Amino acid sequence: MAAGPGPGRDALEVSWVQGFSNKNFGFINNQTVCYPCGNYILFLDLETKKTTALQCETGPVGAFAANASTEVVAFSDQKLNPVIHIHHFPELNKLTELKGSAQLDYTLLAFSFTGPYLASYSSIPEFVLSVWNWQESILLCSESQPGITATSLSFNPINWQQLCFVGESSVTIWHIERIEDGHHLKRNPVELPDEQGSINPHEDLFFPVSRSDDPYHGPNLPVSAIAGLEGDEAETFVSTCRKYRMWCHMFVEKYRKRKDGILLFYHIKDLQYEMKVCADISQPISSLIFSPDYSSLLLATDQCVCESGGFVYRTAGQCYDQSGQFLIARTTEGHVFILDARPSKLFQVLGYIVLADEVLDLSVVSDFKNDLVEVMVLLNVAEVQRARLEIFCLSSAITTDNDKCVNDQGMFNASALKNKQYELDYPLSSAVKLKDNIVYGYCTRAPFICKYHLSEENMLEDQPVFSSEKRIPSNQFGSGFLCVSPNSQWLAAAAKDGVLFIYNTSTMDILAQKHCHSYQGGGIRSMIFSMDGNFILVNDENDGALVCLKWKKIKKTEIEEAAFYWQSLLDILNKSISDENVVLKSMAEWQFDPGSTSKSLAEEKFKEASLKSPGVDVTEDDGNVTNTNDMTWIGQKIQKVIREETQRFANQKEELQTGIKKLRETIQKMMHENEQVPDIEKLEHQEFNLDMEEQERVQAEAEQEVARARKEIEMENLANCYLQDFIKYECWDTMCVKGCAVKCFHMDCEVKNYPLQERSKEELETLEKVLRLKDTETADLKVQKEDPEAEAETEEGEKEAKAVADDGESFCLIGSLSSQYGGDTSILYHQCDLHTKEQRVNQIVLLKDIIYKVKTAFNKEFDVVAQQKEQEIARVKERNLRIREILEQLGLQVEVWEPTLTDDEMPERALTVQDSEIKAEKFLTQEEKEKAEMLAKLEMEKRLAPTDDDRLRALDDMMGGVLEVRKEDILKMEIPPPPFISKPEDLWNDEEKRLFGEYEKKVKELNEEKEEYRQTLKNEWKKLEASIQETTRNFDETVCKLSERKVKSEMVIHQEELKIVNLTCDLLLDEELDTREAGLHNCLTKRKKEKVKKAKTILTAKNKVDAYTATYKDAVDEEKNLERRFPKQFADIPDDLFDELFQLYTRRPKNPRTEILLDTANPYGNCSDSEDYKDVLTLLMKAMDELDSPEHMPEGLDQSTWKKFCLARRNKMESEELVKWKALKLAEMQAFFQRRTDENEKMKSQIENIFKELTWLQEKKMKLQQNLIVQFVLKQGQVELESAEIPDYSDAILIKKSVVEELNSSISTQGEKKIAAIIEFKEFSRGIRRLEWEHKKMRMQIEDLKEKARDIVILPISKDCQLFLTVLNYDSHIAQHIAGMEETLRFMDKLHKKNVKNHQKKIRELKKCIRLKEEANYELSLQLKEMLVSVSERRHIFEAADTRDISEEITRQRYQEILKQKNLRDLIKEQKEEFESLQSELEILRTRRPPHI
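Residues numbered from 1 in each chain as written. Predicted model: local features only at pLDDT ≥ 70, side-chain atom pairs only at ≥ 80, totals over all residues. Heavy atoms only, no water.

**Q** Where do I start with the sheet that holds strand β40 (residues 499–504) in this structure?
**A** By way of backbone hydrogen bonds, the strands of a sheet pair with one another, either parallel or antiparallel. On the basis of which strands lie adjacent, the open sheet formed by four strands has the order β38-β39-β40-β41 and antiparallel pairing. Sheet topology places β38 (480–484) and β41 (510–515) at the edges, where each strand pairs with a single neighbour. Adjacent strand axes in the sheet meet at a mean angle of 20°, parallel and antiparallel pairs treated alike. Inspection of the sheet shows β38 paired to strand β39 (residues 490–495) by five bridges, in the antiparallel sense. Of the residues in β39, the one forming a bridge with Val484 is Leu491. (Pairing = 2+ DSSP bridges. Helix = DSSP H or I, 4+ residues; strand = E, 2+ residues; numbered from the N terminus. Axes fitted to C-alpha atoms, helices over the stretch in contact; angles between N-to-C directions.)

Below you can see the structure in the form of structure tokens.
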């Protein structure tokens, strides 16, 4: 950003600029290199090392290029609508400015090696390549390349009409074609090799060479159509791209740069090469360039920045005081170090100050009168948005008696510095202090400079906040800083915008402003005034430029004041300067060792190395090893304090160590005893810590660690809970049907239901919309096909007749069996009617609804089976209770099978954590522990209470705890033996024996009852188990059936999903075809525009060629006229002299063009192209001077004739050269015209190909709309083929049955119409023939009348005539005669008809007889066959039995029957002939009757 207009713009000028940005550089001549650096272009003379700077007034330098042949440099500025500036070296005057269409920036510039041509390339948003004539400031031609980022741009050294353009992934050679004053850029891309180095043939991805048409997947479209690209990206889209480095020129001798800094030279000859090492600079080479004469090579290296890593504090700024006593350094940690600035003291550290806040800036003011140095520190107070100033004074006593001013650790005492604090009202980024307690600060919140006056009267005990006396607005932006001149006369303000402002400290008027750096380069980083005030040194942040400014316009008094101050200061410091210079000269030069900045070694290695070093202090007590040589100054101070305290308290330390040793032994003994006690009595190790403070600290740390771990665990648990809730919501809560399974009891069979989510509101609305649309379409179609009522009734009858057949074919035509499994297929479109995109989308929605319904129907059946299993398990549990009772009564220990529901059958168990699943011990609070103990005590009391009940104990002892004996207790019953059973049997009396007999009888009866009851229980047990097995196996069969249902449901779902997949493929293919069509239309539009543009170019070129052809012909005619006029001009001289003159006339000098010097280092030699006509003519005329000399004049020719001859020869040569030049230019124009014509023909061919492609694409779209994928469900064996080979159905067409029926009905309708038309035509033809017959009849009547008239004339008078003449009513007489004849004719006709009927009756009877005879004959033929069989059998029998007499009788009878049949046939034949004769007579009678009209 350039500084705006204002005061002081010309007060400063650039004295010199140093720096190197390593971006781009080039030779401006053979010994001068130029390169951009920040806002400047630096010119470095390689011989004198002198640098010249050219400033870009508008900001940083953008693109850059240099031309050594014309010694010009071109660069662009970085601003909106940038401009290309052309300057000449060494004057550095501006030649011209080139203003193009670039809006943001130019990225590349390149000069041609010959000619006034400059190429430029702009970045976003134009991406335009332009070629300029920079001498005339004319834009010759330009071409846009959208989205291509350039990396290199260069002209061909031999031919300026070739321009090499290198992008990130392509290399292009642009040909600059011209016709007269017009220039055109022709693109010629370079085929680049792949990763293996081989060049593959170019493949046009937008217009593929071959097309493959898959009948199922459709045509094979380009990748761009599949990717959905329609615009310009469709033509330029590639699947992979390769990036290439800059394409360099290939020389005969080649150099190679390496990362290790070695420059290699390759001399290539044929297929061999020789390598030499030219230079080793031990630094990585970033770029190299030859000088224009190729006699020297310039190398550029990367700049390495090394950071030191061994210091405790990193300094953020240093300041010297003007007296040269102190060096004040500030750190980012809030420390300020004071050093002795004199070399004689080896820059000794005097002490440091610790400040509470971050240090932002330092300002030092020297008071020579009081021998004090006042230091002001600007602090950043984070708590409040204000600035704080710390001011302390440094006296010379600090250097002379330093030990009294600092403590043992090197920190300054507060009394030695007289520290003061000031609170300011604004936050500042920089502050400077003048000698009269005036402080200037650069505000961070707003762009202004604040002025403060720090007076003692304003200070109170509470540290008041100082308000600014004055706020000076600043025209800068970004963070900035201030700097004051040594004499406190000028105040400089610098900021991130790169503009330097200089104010007068007394009036704060702007004295000067200079835009010396740019905002893009980070702005101004630091600056400083020279001691005499004449120069200002300014450094930038990033662009690498160091600028020295000097005053150009300033008051003389101000310069004198600055010079006087510097001289007075120099008088004061002269003696110390001379003394310190002597010390400096005696010091050894410091060498920087990059290895010293590396990190320290491991601790063991460091100790070993330090023990061997002489500058190491070792303490045996604590084992600490310190290396004082590697320590910082603060570390050495702390180590010294520790060492002194150790020596001072050595005895006390020894006593303490002895006591601690005893105490340690005691504690170790206690810890050993602690290890032997049980875990519940053990103490923690930290409880043996006797240091209470340490113990508290350890406990606090442990509590902090526990709190941290608890917080981490809580956060982790919270995250896991969130993840659990999210997964539960997505996979469980949103499911209207949860996923579960049903398993068999005795088989490894499992059936799972379909987990279903609740359909969203949008899905239901879409489904409802589709259903409404389908109903509307159905109603509309019904209205369109509606016929008259009669036809509708017939159609309904036909539909009812075909209902059965349609039901059989519906599954086949629908393509699935979903209607049998809960889906409603009546709502679907017919598969043959899905021609539009909307229909296919709606069909997909309807198919999804059918799938949902099929799953829902199966889930209902699944729920029934799941409930049935729960009921079965409940029944089994009830029966198991009885089985356990039976087993308990029988006293058997048998495991009872009891089924349960698994986790798959009850998935909600996974959401509930049971106590048995938790392996860790449950943590109970004290209240929970007390409550548990109380409950356990109550339970114990409750359990012990019944044991003291005498009544219950007696009941249990006597009757087993019940009041009456049940049947179930019979197995527990025992008959008590008589009391005398213990006596010997011999001592029993009769009563006892009787009692014993009764006892045995009762025992036997009881045992029988027990055995009978036991058998009953066993039978019941077996029945229960059999019942359980039967019911569970029946349930297993139900599950198996459900599994089969699931398989079929899956089949149906897969059928519908297959339809959805096919429809989706059709939609994708349709979308790809639309994309391809849009891309082709876009390409066609572009080609048409290009064709129109080329047509205009061709027309213009043709006109120019025609016009220039006429000029060329005129020049040729003029040249021939000059040759014809030559004999006439010299006709007066002798013939021998004329012949000699004519030979001289045709003589031409040698080629005047400059020859290539053999000793030049330029590999291109003289790379100039076709020279200008005027330059060639000038060289030719100079060469003619030698031929025009008098020494070549023939003898005997006078001087005037010779001069006349020389003039004529010069004119002839000028004319010849003009003709040659015009011929070359005409050939170039004709070649240009021919190329444009060829391109136009090629463009026509491309447009035709695009039209063909569009036609083919539209045909494919129409075909794909009709060529639908129809899914059929065919039973096994339904389609049978005659041969094993599958027929080719590629040319088959699938047509709906209704279409065929409609076509047949339309054909029959048209046939009926045709028949009606034929009948009508027949009737019309009959009428025509009738008219023709009447016409013929009338003509015949005319002829008859004429003949009658002649007959009447010649007719003799006969009786009829006499009768006609005599009878009065002749007509009635004739009528009566005719009536009699007609009556006779009617009678004969009636008789004839009667005869015909009789004959027809006879014919019918004969036909009937014939039919009967034929049937009889057929039966006879059958009988004949049987008889033949029987005859053959009988013949065999006859031959075997020899019954010839019987067979002859049978044969004779059979022969009689055959004769009878033959006679009947003859009779039939005669009757048939008679019938035919009667028919012929009937026809004759019909023909005799007159026609009826």
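And the narrative resumes.
**Q** Mind showing me how you'd approach the packing of helix α16 (residues 990–1129) against helix α19 (residues 1199–1266) here?
**A** Between two packed helices, both the angle of their axes relative to each other and the distance between the axes serve to describe the pair. With their axes 6 Å apart at the nearest point, α16 and α19 run at an angle of 160° to one another. In terms of their interaxial angle, α16 and α19 are classed as roughly antiparallel. Handedness of the α16/α19 crossing: left-handed. Per-class residue counts for the contact of α16 with α19 are 30 nonpolar, 12 polar and 24 charged. (Parallel < 35°, antiparallel > 145°, perpendicular 65-115°, else oblique. Left-handed = near helix turned anticlockwise from the far one by under 90°. Nonpolar A, V, L, I, M, F, W, Y, C, P; charged D, E, K, R; others polar.)

**Q** I'm lost on the nonpolar core in this one. Help?
**A** For soluble globular proteins, nonpolar side chains are generally found buried alongside one another. Formed by 37 residues in total, the largest nonpolar core has its most connected members in Leu846 and Val1039. Counting residues per element, the ones that place at least two in this core are α11 (761–784), α13 (837–890) and α16. Broken down by element, this core gets its largest block of residues, 12 residues, from α13. Beyond its immediate stretch of four places on either side in the chain, Leu846 contacts Leu767, Val770, Leu771, Ile827, Leu828 and Tyr829. Counting 30 residues, the second-largest nonpolar core is a separate cluster that includes Cys37, Ala300, Ala545 and Trp551. (Core = buried A, V, L, I, M, F, W, Y, C linked by side-chain atoms within 4.5 Å. Buried < 20%, exposed > 50% of the residue type's maximum accessible area, 1.4 Å probe, protein only. Contact = heavy atoms within 4.5 Å.)

**Q** Before we go on, may I ask you to explain the environment of Lys433 in this structure?
**A** By the secondary structure assignment, Lys433 is in strand β33 (residues 428–433). C-alpha separation for the pair Lys433 and Val364, spaced 69 residues apart in sequence, amounts to 7.4 Å. Lys433 has contacts with Ser363, Val365, Glu374, Met376, Ile391, Ile438 and Val439, leaving out every residue within four places of it along the chain. Of note is the side chain of Lys433, whose polar atom sits 2.7 Å from the side chain of Glu374. A distance of 3.2 Å separates the side chain of Lys433 from the side chain of Asn437, its partner in a polar contact. (Polar contact = N/O pair within 3.5 Å; in protein donor to acceptor, adjacent residues only side chain to side chain.)

**Q** What should I look at first to understand helix α8 (residues 633–648) in this one?
**A** Helical geometry note: an α-helix holds 3.6 residues per turn, so side chains three or four residues apart project in the same direction. Over its 16 residues, α8 runs 23 Å from end to end, which matches the ideal 22 Å to within 8%, given 1.5 Å per residue. For α8, the full list of buried residues reads Ile634, Gln639 and Val641. Taken down its axis, α8 places every buried residue within 160° of arc, on the same side. (Expected span 1.5 Å × (residues − 1). Arc of directions from axis to C-beta.)

**Q** It is not clear to me how the pairing of strand β27 (residues 335–340) should be interpreted in this structure. Could you clarify?
**A** Where a strand is regular, its side chains alternate between the two sheet faces. Most of β27 sits inside the fold, with six of its six residues counted as buried. The two faces of β27 match: His335, Phe337 and Leu339 on one face and Val336, Ile338 and Asp340 on the other face are all buried. Here strand β26 (residues 326–331) pairs with β27 via five bridges, running antiparallel. If you follow Ile328 over to β27, its bridge partner there is Ile338. As defined by bridge partners, β27 adjoins strand β28 (residues 349–354) across five bridges and the pair is classed as antiparallel. Looking at the pairing, Val336 lines up with Ile353 of β28.

**Q** Help me understand the confidence of the model for the chain in this model?
**A** Caution is warranted with low-pLDDT regions, since their predicted coordinates should not be read in detail. Confidence in the prediction of the chain, expressed as mean pLDDT, is 77, and 82% of residues score 70 or more. Confidence drops under a pLDDT of 50 for residues 788–794, and excluding neighbours within four residues, the segment shows zero contacts in the predicted structure. The model gives residues 1167–1171 a pLDDT under 50, and that stretch makes 11 contacts with residues more than four places away or in other chains. (pLDDT = per-residue confidence, 0-100.)

**Q** Looking at this structure, how should I read the pairing of strand β5 (residues 51–55)?
**A** Bridging between strand β4 (residues 40–45) and β5 involves five bridges; their strand directions are antiparallel. Along β5, the bridge assignment pairs Leu44 with Thr51. Following β4, the chain reverses through five residues before pairing antiparallel with β5; Lys49 in that reversal takes a positive phi of roughly 60°.

**Q** Can you walk me through the environment of Pro284 in this structure?
**A** By the secondary structure assignment, Pro284 is in the loop between β22 (272–280) and β23 (285–290). Judged by its relative accessible area of 33%, Pro284 falls in the partly exposed class. Each C-alpha atom, one on Pro284 and one on Ala300, is 8.7 Å from the other, the two residues being 16 residues apart in sequence.

**Q** Is there a simple way to explain the packing of aromatic side chains in this structure?
**A** What characterises a pair of aromatic rings is the spacing of the ring centres plus the angle enclosed by the ring planes. As enumerated under the stated definition, the model contains 13 aromatic pairs in all. With a centroid separation of 5.2 Å and 55° between ring planes, the pair formed by Phe745 and Phe1035 is classed as tilted. With Phe745 in the loop between β48 (741–743) and β49 (750–752) and Phe1035 in helix α16, the pair connects residues that are 290 residues apart, well separated along the chain. The pair Phe745 / Phe1035 is uniform in exposure class, with both members buried. Here Tyr754 and Phe858 contribute two aromatic rings whose centre-to-centre distance is 5.4 Å and whose plane-to-plane angle is 70°, an arrangement assigned as edge-to-face. (Phe/Tyr/Trp six-rings, centres within 6.5 Å; stacked < 30°, edge-to-face > 60°.)

**Q** I tried to follow the side chain of Asn39 on my own but got confused; where do I start?
**A** Take Asn39: it is sitting in the loop between β3 (32–37) and β4. The residues touching Asn39, leaving out its near neighbours within four places in the chain, are Leu54, Gln55, Cys56, Gly59, Pro60, Val61, His515, Cys516, His517, Ser518 and Asp543.

**Q** So what exactly am I meant to see when it comes to the packing of α11 against α13 here?
**A** With their axes 10 Å apart at the nearest point, α11 and α13 run at an angle of 115° to one another. Our pair here, α11 against α13, has a crossing hand that is left-handed. Across the interface between the two elements, Thr766, Leu767, Val770, Leu771 and Leu773 of α11 pack against Asn842, Val845, Leu846 and Asp849 of α13. Here the contact of α11 with α13 is built from residues that sort into six nonpolar, two polar and one charged.

**Q** How do you make sense of a negative patch on the surface when you look at a structure like this?
**A** Negative charge collects at one region of the surface, where Asp1135, Asp1136, Asp1139, Glu1140 and Glu1195 lie side by side. Along the polypeptide, Asp1139 turns up in helix α17 (residues 1135–1146). (Patch = residues over 30% accessible without salt bridge, like charges linked within 9 Å, V, L, I, M, F, W, Y side chains within 5 Å. Areas by Shrake-Rupley, 256 points an atom, 1.4 Å probe, with all protein chains shown as cover. Salt bridge = Lys/Arg side-chain N within 4 Å of Asp/Glu carboxyl O. Lys, Arg positive; Asp, Glu negative; His and termini not counted. Charge placed at Lys NZ, Arg CZ, Asp CG, Glu CD.)

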